[in-house]
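One-letter residues, chain by chain:
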Amino acid sequence: MSDELKIVVLIKQVPDTSSVAGVNPDGTVDRARAKRMINPFDKFALQKALELRAEHGGVIIAISMGPPPAIEVLFDAIEHGADKGFLLSDKRLAASDTLATAYALFKCIEYIKDVDIVFTGLQTTDGDTAQTGPQIAERLNYPQITYCEDLIVENGKVKASRIIDGGVQKLEAPMPILVTVANSATRLEHKQFANVYRSKELLRDEQAKKERIQLLDLDKINADPKKVGLVGSPTVVGKTWKIGEKGGSCRLFKGAAVSKEVETLVDCLSTEGRGIEEYVR
Amino acid sequence: MNNFENVFVIADQIQNDLRPVSMELLGAAKELAEKLGVKVQALVMGHNLKDIPQILIERGADEVYIVDQPELKEYTTLTYRRAAIAVLNSFEKPPHIVLCGATTLGRDLAPRIAAYFETGLTADCTELDIGEYTHKGKADPSKIGTFKNCLYAIRPSFGESLKARILGPWKNPQMATARAGAMIPSRVNTKRSGEIIPMKVEFDKSDFRVKVIETIREVSKDLDLVKAKVIVSGGFGLGGEEGFNLLKDFSTIFNDSAIGASRKAVDSGWIPYAHQVGQTGKTVRPVVYIALGISGAIQHRVGISNSETIIAVNKDENAPIFQFAHYGIVGDLYEVVPLLKEQFKKVMGN
Ligand SMILES: Cc1cc2nc3c(=O)[nH]c(=O)nc-3n(C[C@H](O)[C@H](O)[C@H](O)COP(=O)(O)OP(=O)(O)OC[C@H]3O[C@@H](n4cnc5c(N)ncnc54)[C@H](O)[C@@H]3O)c2cc1C
Ligand SMILES: Nc1ncnc2c1ncn2[C@@H]1O[C@H](COP(=O)(O)O)[C@@H](O)[C@H]1O
């Protein structure tokens, strides 16, 4: 029996909020103008997949759901060493919440078949819910390990540790399984030249590109259009508003000798009833 | 027993220690239930739960469902999922609202339950409320209408400086996870009475697919950021891992203190994720939060805005942190911190 693994990594394209492009003065993001990037948390997931494949062999399939430009993150994944990419893109998916997104990604994974491990990032920087992974696992009836820090496969079993409040759990589980990778796991290695080269080739060779990156829509994966998009999302965003600017009341000490500033600060703290005295040893 | 419209809380306990987030959930649930004129129900799962159900009643639950079985001694997704779903399915109608803590337990469990019921779940809420909602979107005509008594699940949105109100009035239970530290815990009232309802759950073999080999609890007290009274927190301005040694040394002069960090410090590999404070880390509510070399990005700010006093040290007088800190020193933290330590001891030391 071969212990080669069929690994899926779920990767989302998100707006790059660290760049100024497309970030409005009020802090909202103009998605059309914003730069795009791979969800930083998903890099940790990809790295785990690369490590497992190096140890056991097998294939890494990156899946992304999003509008056509999301294909960029699949190229990125291939440059880092993923074997294949699938882009699920369909107008009917627009405005999907996590339940709907999880349903669509679940149908993709079903379509790909016989997967051993599904890796997701801990969360995204735009949706930021950390719930898509477990929701997919529920649909697949897979066990799951969230907040996973370390993971190895030994004798056909997954051995992993997961962060819990106040400690760590060491777990053992069978495959197939879904794992969400904590951002304290190893960071993504640099791209290898050969992979980057091969990925660039794909841009020139339409046939090769089709083999490496496949486009999917709802019909192809046999997904129920009523369970995705606006129609299939049980939640909506009702209203948004700016987080209140309290500001302005800071007592700022500057310009004097540091020792003087520190003295004044501690004096203020002790006379202004801040209750800190109680905690100084 | 009619279960219509109640507010249902899944309590968070580790080793029979009720987590603070459970009291915060009850605090929020009580307010919601009062607005709706309904009951607060709580569920606690585990083994040898002893007086936990009683504590839940004293903290505001009207009915406490307990599943106390050896299989639930340690948390695992599938066993707790089975138990929670069994209890929720035992009702004639699902509760109006189901709340969970946005802890490593709640964030693991709640999405499974929501997916099972195919209902909405809003992650990491910082406020909860009840109100009316009118849906006009034409994309799905079946959703149009005005809905009373909706759960308003309010959370910081998209890593931006916005808050969003998320609604899901079309299907019950309306679910949300609440971020630890963000809501006011309910007070203890030893005179409150309530009903304790033990439940027995049948597990399936498949529920034991994941085995807990070992649980390692952090013995070091300094990790309990959420409970700490004084937090000494470091950011990218520390310039390197060694910076945290200075912080640790500084923190030794405080009782009940813990070390916090910004995401950039964590992502740089200087300190483990468990120390991260902010939108994607922990929400804290200490008496004093001392931010050293932290710029004060909105995602950091949302995690510390419940601190009673925020003291910031930053080289850059225009750093955003000075807009919401209570006290600030403009200067090099490596110069300021040793002096600050001396001065605290001199003036306030016991
Ligand atoms: C979706 C999302 C979620 C996020 N979640 C979080 C989160 O949970 N927590 C979090 O913290 N961030 C989070 N972030 C990241 C956040 O936007 C900031 O990037 C981060 O908080 C910056 O960390 P910092 O303040 O340490 O670093 P910087 O912004 O680089 O600031 C370093 C500061 O140190 C000062 N400095 C430098 N040297 C010295 C010195 N010697 N003495 C004194 N001061 C000095 C500088 O003037 C500067 O102000 C999130 C971002 C996104 C998009
Ligand atoms: N549209 C998407 N395409 C691919 N993966 C996704 C998508 N949305 C979420 N995921 C995966 O689910 C994880 C958690 O996302 P979230 O629930 O949005 O915080 C991400 O880190 C991704 O691995």
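Starting afresh in each chain, residues are numbered from 1 along the sequence in its written order. As they are written, the chains are lettered A onward and the ligands numbered 1 onward, keeping that order. In view of the model being predicted, local features appear only for residues whose pLDDT reaches at least 70, and side-chain atom pairs are presented and counted only at 80 or more, with totals across whole chains, interfaces and linings using the full set of residues. The side-chain quantities take in all heavy atoms of the structure and omit both hydrogens and water.

Draft legend 1. The overall build of chain A, seen in detail. Numbering goes from the N terminus for both helices and strands, where a helix is a DSSP run of H or I of at least four residues and a strand is a run of E of at least two. What chain A contains, in helices and strands, is eight helices and 13 strands. With the principal axes as the frame, chain A shows a C-alpha extent of 70 × 45 × 40 Å. Think of it in three bands: residues with accessible area under 20% of the maximum for their type are buried, residues over 50% are exposed, and the middle band is partly exposed, with areas taken using a 1.4 Å probe on protein chains only. Taking all 281 residues of chain A together, the buried fraction comes to 54%. Methods summary: accessible areas were calculated by the Shrake-Rupley approach with a probe of 1.4 Å, and residue burial reflects only the protein chains presented. Roughly 12,600 Å² of accessible area belongs to chain A as shown, and the carbon and sulfur atoms make up 51% of that amount.

Draft legend 2. Spatial organisation of the overall build of chain B. Per the secondary structure count, chain B includes eight helices and 18 strands. Put simply, the radius of gyration uses C-alpha atoms, and a globule should come to 2.2 Å times the residue count raised to 0.38. For a compact globule of 350 residues, the expected C-alpha radius of gyration is about 20 Å, and chain B comes in at 22 Å, within 12% of that figure. Sorting the 350 residues of chain B into buried and exposed places 62% on the buried side. Here the contacts in chain B between residues at least 6 apart in sequence split such that 65% fall between residues at least 24 apart. In this tally Asp and Glu are treated as negative and Lys and Arg as positive; neither His nor the chain ends contributes. By convention, the point assigned to a charge is CZ for Arg, NZ for Lys, CD for Glu and CG for Asp. Here chain B carries 42 positive and 41 negative side-chain charges, and the mean point of each set is 3 Å from the other. In this description, contact between two residues means that some pair of their heavy atoms is separated by no more than 4.5 Å.

Draft legend 3. Main features of the state of the cysteines. Throughout, a disulfide means two cysteine sulfur atoms within 2.5 Å of one another. All chains considered together, the criterion is met by zero disulfides over all chains. No disulfide involves B:Cys150; its sulfur sits 14 Å from the nearest other cysteine sulfur, which is in B:Cys125.

Draft legend 4. Here's a closer look at unusual backbone geometry. Residue and element names in this part refer to chain A. The step from Met175 to Pro176 runs through a cis peptide bond, and the omega angle for that step is 0°. Assignment of secondary structure puts Pro176 in the loop between β9 (167-174) and β10 (177-181). Although it is not a glycine, Ala95 sits at a positive phi angle of roughly 70°. Inspection of the secondary structure assignment puts Ala95 in the loop between β5 (84-88) and α3 (98-112). Residue classification places Ala95 among the exposed positions, given a relative accessible area of 51%.

Draft legend 5. Here's a closer look at the packing of aromatic side chains. Under the pairing criterion, centres of Phe, Tyr and Trp rings, with the six-membered ring standing for Trp, must be within 6.5 Å; the plane angle then separates stacked pairs below 30 degrees from edge-to-face pairs above 60, leaving the rest tilted. One pass over the full model with this rule turns up 14 aromatic pairs over all chains. Arranged with centres 5.9 Å apart and planes meeting at 75°, the rings of B:Phe8 and B:Phe91 form a pair that is edge-to-face. A residue pair is termed long-range when its members are at least 10 positions apart, and B:Phe8 in strand β1 (residues 7-10) and B:Phe91 in the loop between α3 (77-89) and β6 (97-101) qualify at 83 residues. Of the two residues, B:Phe8 and B:Phe91, both sit in the buried class. Each member of the aromatic cluster is reached from another via a ring pair, and the members are B:Phe8, B:Tyr65 and B:Phe91. For the cation-ring pair, A:Lys239 lies above A:Trp241, with the distance from its terminal atom to the ring centre recorded as 5.1 Å. Throughout this description, the term charge over a ring refers to an Arg CZ or Lys NZ atom that lies within 6 Å of the ring centre and within 35 degrees of the ring normal. Here the basic side chain of B:Lys264 rests over the ring of B:Phe236, its NZ or CZ set 4.6 Å away from the ring centre.

Draft legend 6. Fine view of the environment of A:Gly255. Residue and element names in this part refer to chain A. Here Gly255 shows up in the loop between β13 (251-253) and α8 (258-271). What makes Gly255 exposed here is its relative accessible area of 83%. Considered as a pair, Gly255 and Glu201 are 54 residues apart in the sequence and their alpha carbons are 58 Å apart.

Draft legend 7. Representation of the domain arrangement of chain A. Each domain's limits were defined by an automated method or a database of domain assignments. Segmentation of chain A into domains returns domain 1 (5-227) and domain 2 (248-281). The centre of domain 1 of chain A, based on its C-alpha atoms, is set 48 Å off from the matching centre of domain 2 of chain A.

Draft legend 8. The arrangement of the site of ligand 2 in detail. Residues and elements named next belong to chain A. Being near a molecule or strand, for a residue, means having at least one of its heavy atoms within 4 Å of it. Around ligand 2 sit 19 residues, and of these Leu10, Asp42, Thr124, Thr129 and Thr132 come closest. The backbone of Ala130 places a nitrogen or oxygen atom 2.8 Å from an oxygen atom of ligand 2. Elements supplying a minimum of two residues to the shell around ligand 2: β4 (58-65), α3 and β6 (117-121). Looking at the shell around ligand 2, the element that brings in the most residues is β4, giving three residues. Broken down by class, the residue content of the shell around ligand 2 amounts to six nonpolar, 10 polar and three charged. Under the rule applied, a polar contact is a pair of N or O atoms within 3.5 Å (in protein, one hydrogen donor and one hydrogen acceptor; residues adjacent in sequence only if both atoms are side-chain atoms). Any residue that is not Ala, Val, Leu, Ile, Met, Phe, Trp, Tyr, Cys, Pro, Asp, Glu, Lys or Arg is counted as polar, Gly included; the first ten are nonpolar and the last four charged.

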